[in-house]
Structures are given as structure tokens and as C-alpha cells.
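The chain contents come next:
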Amino acid sequence: MPCSQGIPTDLMFGKWKYEPENNSPVFIAFRSETKKKVQYDDVAEYKGRLSLSENYTLSIKNARISDERRFVCMLVTEDNVYEEPTVVKVFKQPSQPEIIHPANFLETEKLKMLGECIARESYPDGNITWYKNGNTLQPVEGAVVMSLQKAVDQSTGLFTMTSSLQFMPTKKDANAQFSCSVTYYGPSGQEKIPSEPVVFDVHYPTEKVTIKVLSQRNTIKEGDNITLKCSGNGNPPPQEFLFYTPGESEGMRSSDTYIMTDVRRNATGEYKCSLIDRSMEDSATITVHYLDLSLTPSGEVIKQIGEALPVSCNISSSRNATVFWIKDNTRMQTSPSFSSLQYQDAGNYICETTLQEVEGLKKRKTLTLIVEGKPKIRMTKKTGSNKSKTIVCHVEGFPKPAVQWTTTGSGSIINQAKETNYVNGKFSSKIVISPEENVTLTCIAENQLERTVTSMNVSAISIPENDEPNDGNREKVNDQAKLIVGIVVGLLLAAMVAGIIYWVYVKKSKPLPRTVSHFLNPPSNTYSPNLCPQSDVNGKSEKAAAQNFQTLVRTPSKHVNKDLGNIEENKKLEENNHKPEA
């Protein structure tokens, strides 16, 4: 504290004193100008805390609240005494305010102590203000009630300010931040220190119940697990509920979840949950999708070739299902239908169906169709350029027949029998031979149902032949007999043509021999002498002609037709006519 009064030139000494209220001044320091000596009075509260400089400036260290008083600087000369007062003000910044004794939770519709805001060791005293989400709270009757208390420490003179807050929250106050601040005065004016914000749990009753279906998929199918979760929008949320299954009027008490495992189609329906007091509830509809497939017949089915087999694949589902057939890993365009079974109809059939909207819902059943048949044989042959003959035995049947070849007669087998692949109940066995004489080849096909034997005659004559089908699958052909029959038929046709030509020639020739004329124009009972000379003249020629005609007629004697027989009869008639002439 400087002594603002100028230092007189005739100064003798200077003193500092303070003036307590309603008491006499108390001197605390003295300095002699002539002796240059400083002396401090024996005042307990300032002992060891004072310092007086040459220009009479007084310093007090470790300031106290009690130092807030009026100090006076006195300068004494021989003629006068000068006084310069100084009023000291002491300030102490309070500690940062904090909210103590916070409530564990607040409840709507209830006025409850939220907490206390305290600021310690302040001088002078200060004020406390409450905030919600940064906005100043103002007193509201029955909803916001604040109370401020100030206490002084007698030993230090410092103030402690405490403000309590009673608050009735609403549902919107959930997660709201509450804070406070202390406002005090310092050397530079009014200042403020805020506290740390605090969030209070606000309890409010449930106003709505919600049920949810928890599933791994959007749709539910038979065999899935379902979890029903019930929740209320209160705080804290309800911990127990009543769950109602379809058709049940009594609820099952449970926690907030209800689990159903391996559900079936009869689980489809409306599910409900409610509070324990049944004051409110919610519902959800669950559809358990299903898919049934019935295949008739199914499994392994054995049928005979040519038989009919009705097949039906029936579907029962919660929605429209897609059905398709697969045969031997190949998708079919149409459903199978067997009015007359063939070997190619055998195989593994799968009827498969799916629900497109339901993930993972697929069913399939299998029909293994076996078509059995007795062995059937058809034999063909072909002559090669090197006089070899290829004989093929075409075989049908299931189970696959075993084929065996046998031969009669001489001949060499060029190679062993070769079989083609067995496809759709059919295959063929082939051998190549070069016969030295006519031989008979026998093909034997045998399975569990029957033994079938078919033979083919193979001639040694090398006549080029193509594959010959065998009617009735039992061809028996004799190459040599066919050749002989062909030659005989050719000779008969030639003889017939020659006889007809000769008959036409004799009939049209002029003049005709008398014997022929008699045959063609029988004589009357009247004798004609003119015929005798002609008979004499032509008698020799007529005999020769008859002999030639007889030779021609005799050549095909066993095979001539009716026309040639008539010619021979004419010859006999002619000979009878010669007898009377002789």
C-alpha cells in the first residue's frame, strides 16, 4: 500500500495504523527519517507479515480476510502531521462447484430432490444458478424448487454456498444434462465458474407394448425356431409379460422373450403379449410355411416292357409351389407318363418342388424305374470283299442278356465276338467268319427271365450281300437253295416263252401241213380227193415238224403251264388223223 502523500523535506518519521470499527487506531509500523530505522509494533495478527520501504510503502503478505480494513499512512514533520488513508478489499475465488447427493433416478409426475450444488471457500459470498441442457432453470411451483444456503468458516471467514434443487421431470427430460455455476465478485468484477454436467435416469411408465418376431429369415418354414420379443416403452422397461399363443385365452408368464423351437404348420396364427396387469397388449401374426410332396409310386419299381405305369406327384403347400422333374441329372420338359414302357424309360426320376418366396423350403422324392424284358434277337449278315462274312446278333432285354455263339460246319472265326455298348436295353454282338462250306450260326441270349436262341445259315458262296433284316427275329436262310430255285424258275419261264412262240408260228404259217389243218379244221364226212396229193407231197415235212415239236414240248415236261399241255394234246390228235390216211 503506497503512501501517496508526497514525502516532505522536513519529515521526521512516518507511521502506519489501521482503524478497527468502533475501536481506537492500532499502530503497526514506524520508520524514523533521521535514524533510518524501522520498527514494527507488537500486533499479533500482523507479526511477521509486514514490510515498510524507504518511501513508506507498506506490504502485507499472506493476506487474510481480516486484512480487509482501513489503513492510514501518517507522515510527521516539525510543523504538521499528514495522513493518507487506504481501504483494503480482500477477495477469494471459490472452488469449482459440484453436484453432490445426486438422485439415483427421477420419476415423472413426482417432485424429487435432484441434488445439491456446493461452492466452497469464497470471499465474498456468491450465488448459485441451476441449468438444464445449458438453459437456466427458473423456479416453478411444484415442479422446480431451489434453495440457497451460505455458511461462513469462523476461522477463515470464507463462505460456502449450497443450493438444493427439487425437480419434477417429464418423459422428455430423459438423458437431459443438469449443471450449476457459482457467481462471485473478484478484483476485476463479477465472475462465474461452472460445474460438470450430470445426467439423471428418468423413470416413466409404459405407454405402449410392442411384440416382435425374431427369425433368421424374412419367412418362416416348418422346422425353424421362432423367438417372440415383447417390449414396453417405459423406463425402466417391463421385465415380465404375458404371452398368448393362437387359440389360448390364458397367457404364459415369461420374461421379455418367448422361444418356440421346431415349429410346425399348426403354429400359424396370431400371437399376443401384454403387461402383467393386462392394461395394454400387442399382437403379431405368424405364418409357418410348409411343403408336402407325395410321389406315387416311389422308391424302386420293377416293370415289364410294354406295361403301363401311372405316375403322380402331388403337392400340398402354403403357397403356390414350382414343380419339375429330373431324370438322370437332366431336367425334363414334361412330367413322365408311361402307357407302354420301353427300355429307355428306365432310370432315376426325381420330382422336386420349391417355394420361391421361402428360402430353403425344398422337397424331393425319387422313383427308380427298372424295365425288364425277355431277350429278343435279330440277326443280320454282310459279305465283305475278302470272302469274309460279318454276322451281327442284335439283342434286346433287361437285365442285360449274356450272349453266346455256336456254329455247325467247318469254318474259321476270324476274331472273337465284339459287343457294342449296352444302351436303353439294346446292344449287339458281332463275329466275322470265312466259311469253307455252308454253316449254321446260332446266337444265344439269356438273362434271368428267359433263354432265346436264333440261328442263321451262312453259305460258302461269296455273293455280295447287304444287311438283311430277319422277319420275326428268327431268320433261317439257305443261300444254296435260293440259287437253285432261281435257276429253275428261269428255265421254266424260257420254255414257256419258246412254246408260245412256236404255237403262234405254226398257227400263222401258210400252207399248213395237212395234219395240222385237220387239227385246226376237222374234216367233214365228205371225202375230198384233192387232199391226197397234198398229203403225199407234204407228208415228209409234216413228220419232221411233228418230231421237232415233240422235242420242244418234252424239255420242260415237269414245269410247263397249261398252254404247253394243250399243244401236246394237239400232237396226239394229229397222229390219229394219220392212221386212216395211211
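A. Region of interest: the overall build of the chain. If you tally the helices and strands in the chain, you get four helices and 41 strands. When each of the 582 residues of the chain is scored for burial, the buried share is 35%. Considering only residue pairs separated by 6 or more positions, the chain has 58% of its internal contacts joining residues 24 or more positions apart. Looking at the chain as shown, the accessible area adds up to about 35,000 Å², and 49% of this sits on carbon and sulfur atoms.

B. Here's a closer look at the sheet that holds strand E23 (residues 252–254). The strand order across the open sheet formed by four strands is E23-E22-E25-E26, and the pairing between neighbours is antiparallel. Each having just a single partner strand, E23 and strand E26 (281–286) make up the two edges of the open sheet. Taken over all neighbouring pairs, the strand axes of this sheet differ in orientation by 25 degrees on average, direction set aside. Pairing of strand E25 (residues 269–274) with E26 involves six bridges; the strand directions are antiparallel. Note that in E26 the partner of Tyr-271 across the bridge is Ala-284.

C. Just the pairing of strand E39 (residues 426–435), in detail. The buried fraction of E39 amounts to seven of the ten residues, a majority that puts the element mostly inside the structure. Bridge count for strand E35 (residues 389–398) against E39 is eight bridges, and the pairing is antiparallel. Counted as the bridge partner of Glu-396 is Lys-426 from E39. Pairing of strand E38 (residues 418–419) with E39, which is carried by two bridges, proceeds in the antiparallel orientation. Within the sheet, the bridge partner assigned to Glu-419 lies in E39 and is Ser-429.

D. Broad picture of a nonpolar patch on the surface. On the surface, Val-485, Val-489 and Leu-493 cluster together into a nonpolar patch covering about 260 Å² of accessible area. Along the polypeptide, Val-485 turns up in helix H1 (residues 479–508).

E. Looking closely at the packing of aromatic side chains. Scanning all chains against the criterion turns up ten aromatic pairs. Taken together, a centroid distance of 6.0 Å and an interplanar angle of 25 degrees make the contact between Tyr-123 and Phe-159 stacked. You can see Tyr-123 sitting in the loop between strand E10 (112–122) and strand E11 (127–132) and its partner Phe-159 sitting in strand E14 (residues 159–167), a full 36 residues away along the chain. Assigned by exposure class, Tyr-123 and Phe-159 land together as buried. Each member of the aromatic cluster is reached from another via a ring pair, and the members are Tyr-18, Tyr-46 and Phe-71.

F. Layout of the state of the cysteines. Taken as a whole, this structure holds five disulfides when the rule is applied. Between the sulfur atoms of Cys-3 and its disulfide partner Cys-73 the distance amounts to 2.1 Å. The chirality of the disulfide connecting Cys-3 with Cys-73 is left-handed, given an S-S dihedral of about -95 degrees. Remark: Cys-73 occurs in strand E6 (residues 70–77) and Cys-3 occurs in the segment before strand E1 (11–18); sequence separation between them is 70 residues. Of the residues examined, Cys-73 reaches a relative accessible area of 1% and is grouped as buried.

G. Structural view of the side chain of Asp-173. Structurally, the position occupied by Asp-173 is in the loop between E14 and strand E15 (177–186). Discounting chain neighbours no more than four positions away, the residues touching Asp-173 are Lys-132, Phe-167 and Val-202.

H. Summary view of the pattern of salt bridges. Within the structure shown, the criterion is met by 24 salt bridges. We note a salt bridge from Arg-49 to Asp-67, for which the minimum N-O separation is 3.0 Å. Here Arg-49, found in the loop between strand E3 (37–40) and strand E4 (50–52), pairs with Asp-67, found in the loop between strand E5 (58–60) and E6; they are 18 residues apart in sequence, far enough to count as distant. The buried category is assigned to Asp-67, whose relative accessible area is 2%.

I. Looking closely at unusual backbone geometry. The omega torsion of the bond from Asn-235 to Pro-236 falls at 0 degrees, within 30 degrees of zero and hence cis. Tracing the chain through its elements places Pro-236 in the loop between strand E21 (226–232) and strand E22 (241–244). With phi around 70 degrees, Glu-109 is a residue other than glycine that occupies positive phi space. When you line up the elements, Glu-109 lands in the loop between strand E9 (106–107) and E10.

J. Spatial organisation of the nonpolar core. The biggest cluster of nonpolar side chains holds 44 residues, and the ones touching the most others in it are Trp-16, Ile-28, Leu-114 and Trp-130. Counting residues per element, the ones that place at least two in this core are E1, strand E2 (26–32), E4, E6, E10, E11, E14 and E15. Each residue touching Leu-114, except ones within four places of it in the same chain, is listed here: His-101, Pro-102, Ala-103, Leu-106, Trp-130, Leu-165, Gln-166, Phe-167, Phe-178 and Phe-200.

K. The arrangement of the confidence of the model for the chain in detail. On average, residues of the chain score 82 in pLDDT, and 82% of them reach the 70 mark or higher. Note on residues 467–478: pLDDT under 50 across the span, and 27 contacts to partners over four residues away in sequence or across chains. Long-range and interchain partners of residues 512–582, a stretch whose pLDDT sits below 50, account for 48 contacts in this model, where long-range means more than four residues apart.

Rules of the game
- Residues numbered from 1 in each chain as written.
- Predicted model: local features only at pLDDT ≥ 70, side-chain atom pairs only at ≥ 80, totals over all residues.
- Heavy atoms only, no water.
- Helix = DSSP H or I, 4+ residues; strand = E, 2+ residues; numbered from the N terminus.
- Buried < 20%, exposed > 50% of the residue type's maximum accessible area, 1.4 Å probe, protein only.
- Contact = heavy atoms within 4.5 Å.
- Areas by Shrake-Rupley, 256 points an atom, 1.4 Å probe, with all protein chains shown as cover.
- Pairing = 2+ DSSP bridges.
- Axes fitted to C-alpha atoms, helices over the stretch in contact; angles between N-to-C directions.
- Patch = residues over 30% accessible without salt bridge, like charges linked within 9 Å, V, L, I, M, F, W, Y side chains within 5 Å.
- Salt bridge = Lys/Arg side-chain N within 4 Å of Asp/Glu carboxyl O.
- Phe/Tyr/Trp six-rings, centres within 6.5 Å; stacked < 30°, edge-to-face > 60°.
- Disulfide = S-S within 2.5 Å.
- Core = buried A, V, L, I, M, F, W, Y, C linked by side-chain atoms within 4.5 Å.
- pLDDT = per-residue confidence, 0-100.

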